[in-house]
Amino acid sequence: MLSHTLERGVLVITVDQDPGIDGRAALTTHITNLVDAHQPTPVVIVLADQAAGHAAVSAVLRAHQWCGRLGVLMCVVTHSAPVRRLLENNADSSGPRLVVHARVDTAITTAFTAAA
């Protein structure tokens, strides 16, 4: 369902497929556990094309709330313009703004630079 790496001091979590409504909570838990284990490292979540469904988007938005409470910078990458708009329009606005990118390299560079 997901994999993770550390690149340039940034935790990069790749979600390979949408977990469906029944797997949304598990995906959220996996992401937040990784964030907890690596904090205060900034996080980039990459939504693969097959992962751009509503359940994965919901899990990412919940993870963004979690990161906001911890003070951890989080960015998201998706190639889908409609998903980028959905994320931007539904992100928690009480904490750090969710930055959504179309390219992984841009997101990692942005997160690395912001954390420096």
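All values reported here derive from a predicted model rather than from experimental measurement.

(A) Summary view of the sheet that holds strand 1 (residues 2-7). Sheet architecture is open: five strands sit in the order 1-2-3-4-5, paired in mixed fashion. The sheet is open, and its two borders are formed by strand 1 and strand 5 (99-101), each paired with just one other strand. Between one strand axis and the next, the sheet turns through 20° on average, direction left out of account. Pairing geometry for strand 4 (residues 74-77) and strand 5, over three bridges, is parallel. From the neighbouring strand, C75 faces strand 5, where its bridge partner is V99.

(B) Focus on the packing of helix 2 (residues 54-70) against helix 3 (residues 81-90). The N-to-C vectors of helix 2 and helix 3 enclose an angle of 35°; their axes lie 10 Å apart at closest approach. In terms of crossing hand, the pair formed by helix 2 and helix 3 is right-handed. Judged by residue contacts, H54, V57, V60 and L61 of helix 2 engage V83, L86, L87 and N90 from helix 3. Of the residues that constitute the contact of helix 2 with helix 3, the class distribution is six nonpolar, two polar and no charged.

(C) Highlighting the nonpolar core. Among the nonpolar cores identified, the biggest contains 26 residues, and I31, V43, I45, L47, M74, L87 and L98 are the most heavily contacted of them. Sorting the residues of this core by element identifies strand 2 (10-15), helix 1 (20-38), strand 3 (43-47), helix 2, strand 4 and helix 3 as the ones contributing at least two each. Setting aside chain neighbours within four positions, we find V43 in contact with V10, L11, I13, V35, V72, L73, M74 and C75. Core analysis: the second largest hydrophobic core is formed by 10 residues, V10, C75, V77 and A107 among them.

Criteria and thresholds
Residues numbered from 1 in each chain as written. Predicted model: local features only at pLDDT ≥ 70, side-chain atom pairs only at ≥ 80, totals over all residues. Heavy atoms only, no water. Pairing = 2+ DSSP bridges. Helix = DSSP H or I, 4+ residues; strand = E, 2+ residues; numbered from the N terminus. Axes fitted to C-alpha atoms, helices over the stretch in contact; angles between N-to-C directions. Left-handed = near helix turned anticlockwise from the far one by under 90°. Contact = heavy atoms within 4.5 Å. Nonpolar A, V, L, I, M, F, W, Y, C, P; charged D, E, K, R; others polar. Core = buried A, V, L, I, M, F, W, Y, C linked by side-chain atoms within 4.5 Å. Buried < 20%, exposed > 50% of the residue type's maximum accessible area, 1.4 Å probe, protein only.

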